[in-house]
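# Coordinates in review
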Amino acid sequence: NAGVTQTPKFQVLKTGQSMTLQCAQDMNHNSMYWYRQDPGMGLRLIYYSASEGTTDKGEVPNGYNVSRLNKREFSLRLESAAPSQTSVYFCASRRAEKNTGELFFGEGSRLTVL
Amino acid sequence: AQTVTQSQPEMSVQEAETVTLSCTYDTSESDYYLFWYKQPPSRQMILVIRQEAYKQQNATENRFSVNFQKAAKSFSLKISDSQLGDAAMYFCAYRATNFGNEKLTFGTGTRLTIIP
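Residues numbered from 1 in each chain as written. Chains lettered and ligands numbered in written order. Predicted model: local features only at pLDDT ≥ 70, side-chain atom pairs only at ≥ 80, totals over all residues. Heavy atoms only, no water.

### What to know about the overall build of chain B
Check the secondary structure of chain B and you find zero helices and twelve strands. Listing every helix and strand of chain B by position from the N terminus yields β-β-β-β-β-β-β-β-β-β-β-β. Since a compact globule built from 116 residues should have a radius of gyration of about 13 Å, the 14 Å found for chain B is in line with a globular shape. Projected onto its principal axes, the C-alpha positions of chain B cover 45 × 30 × 20 Å. With 116 residues in all, chain B has 48% of them scored as buried. Sequence separation of 24 or more characterises 55% of the internal contacts of chain B that already satisfy a separation of 6 or more. For chain B, the accessible area works out to roughly 5600 Å², and carbon and sulfur atoms hold 46% of it. Both charge centroids of chain B, one from 11 positive and one from 11 negative side chains, sit 4 Å from each other. (Helix = DSSP H or I, 4+ residues; strand = E, 2+ residues; numbered from the N terminus. Rg over C-alpha atoms; globule rule 2.2 N^0.38 Å. Buried < 20%, exposed > 50% of the residue type's maximum accessible area, 1.4 Å probe, protein only. Contact = heavy atoms within 4.5 Å. Areas by Shrake-Rupley, 256 points an atom, 1.4 Å probe, with all protein chains shown as cover. Lys, Arg positive; Asp, Glu negative; His and termini not counted. Charge placed at Lys NZ, Arg CZ, Asp CG, Glu CD.)

### What to know about the sheet that holds strand 7 (residues 64–68) of chain A
Residue and element names in this part refer to chain A. Ordered in space as 1-3-8-7, the four strands form an open sheet in which the pairing is antiparallel. The open sheet is flanked by strand 1 (4–7) and strand 7, the only strands paired with a single partner. Each strand axis lies, on average, 15° off the axis of its neighbour in the sheet, ignoring direction. The pairing of strand 1 with strand 3 (residues 19–25) spans four bridges and is classified as antiparallel. Its bridge partner lying in strand 3, Val-4 is registered against Gln-25. (Pairing = 2+ DSSP bridges. Axes fitted to C-alpha atoms, helices over the stretch in contact; angles between N-to-C directions.)

### Quick word on the nonpolar core
Core analysis: the biggest nonpolar cluster contains 26 residues, and Tyr-25, Trp-36, Phe-75, Leu-77 and Tyr-90 of chain B have the highest contact counts within it. If you tally residues by element for this core, the top one is strand 10 (residues 88–96) of chain B, at five residues. Sequence-distant contacts of Tyr-90 of chain B, that is, excluding residues within four places in its chain, are made with Gln-6, Leu-21, Trp-36, Tyr-37, Lys-38, Val-48, Phe-64, Leu-77, Ile-79, Gly-109, Thr-110 and Leu-112 of chain B. Membership of the second largest hydrophobic core comes to 20 residues, among which are Val-4, Trp-34, Leu-76 and Tyr-89 of chain A. (Core = buried A, V, L, I, M, F, W, Y, C linked by side-chain atoms within 4.5 Å.)

### Comments concerning the environment of Thr-7 of chain A
Residues and elements named next belong to chain A. As for its position among the elements, Thr-7 is in strand 1. Assessed through its relative accessible area of 40%, Thr-7 is described here as partly exposed. Through-space distance from the C-alpha of Thr-7 to that of Gln-22 is 5.2 Å; in sequence the pair is 15 residues apart.

### Here we look at the packing of aromatic side chains
Residues and elements named next belong to chain B. Under the defined criterion, the tally for this structure stands at 17 aromatic pairs over all chains. Measuring from centroid to centroid gives 6.3 Å for Trp-36 and Phe-75, while their planes differ by 25°, and the two rings are stacked. Of this pair, Trp-36 sits in strand 5 (residues 32–39) while Phe-75 sits in strand 9 (residues 74–79), and the two are 39 residues apart along the sequence. Using a relative accessible area of 0% as the deciding quantity, one classes Trp-36 as buried. With a centroid separation of 5.9 Å and an interplanar angle of 50°, the aromatic rings of Tyr-37 and Phe-106 are classed as tilted. Taken together, the positions of Tyr-37 in strand 5 and Phe-106 in strand 11 (residues 105–106) put the pair 69 residues apart, joining distant regions of the chain. (Phe/Tyr/Trp six-rings, centres within 6.5 Å; stacked < 30°, edge-to-face > 60°.)

### Notes on the state of the cysteines
Following the criterion strictly, the structure yields two disulfides over all chains and no others. A sulfur-sulfur separation of 1.9 Å characterises the disulfide bridge that pairs Cys-23 of chain A with Cys-91 of chain A. Between Cys-23 of chain A and Cys-91 of chain A, the S-S torsion sits near -75°, and that sign places the bridge as left-handed. Here Cys-91 of chain A lies in strand 9 (residues 87–94) and Cys-23 of chain A lies in strand 3, a separation of 68 residues in the sequence. Summarising the burial analysis for this pair, Cys-23 of chain A and Cys-91 of chain A share the class buried. Two residues, Cys-23 of chain B and Cys-92 of chain B, share a disulfide whose sulfurs are 2.0 Å apart. Disulfide Cys-23 of chain B to Cys-92 of chain B: torsion about the S-S bond roughly -70°, handedness left-handed. Of this pair, Cys-23 of chain B sits in the loop between strand 3 (19–21) and strand 4 (24–26) while Cys-92 of chain B sits in strand 10, placing them 69 residues apart in sequence. On the basis of relative accessibility, which here comes to 0%, the residue Cys-92 of chain B falls in the buried class. (Disulfide = S-S within 2.5 Å.)

Such coordinate-based values are descriptive only and should not be taken to indicate function.
The following block contains the structure:
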């Protein structure tokens, strides 16, 4: 099983450039999430989607947009990248109707903004 | 707002010995889930163990067990017979159980080193 797949794994951007991180899950999960991980700060929630067609802000949404394209896919877009967005980004999914709360994570995408 | 605190940025243990990682949390909810995730150098986040707050019995998964103290809001992870493959960052996480609450809150992590 592929689980949660993120692309790209690595990306270098210049300040002001835009890009989209793609995420897809094959577990038929309803809920999907985007987190960022920074040294000494753990994982912080950027946006989430509780079901197809809905999205909500997390702790640190500024500078990001998301799209829940269908049940499988949840993308994260940086419209005008800033050095403060240099981070490792994780996509995750959860089977919401089974409320045990476990998240399944992708392998992460390392983004560097110069 | 819920917060999760891991006060040990780094820990080390001799191979085959036992180590305990600490986690405290703050919440006004009565029912919730607590998790320990492991992140090896590969970056993949892996669920180690899960505890449901309404269950008094501490969760156990092979060499991994927790000490859940609900009144003290403490959730420590004990790793017995430590192995080299246990070297990783360990994150404690919290989520309330009410449907519609999607937020999983993480601590800042503890880096565990295994000394051969």
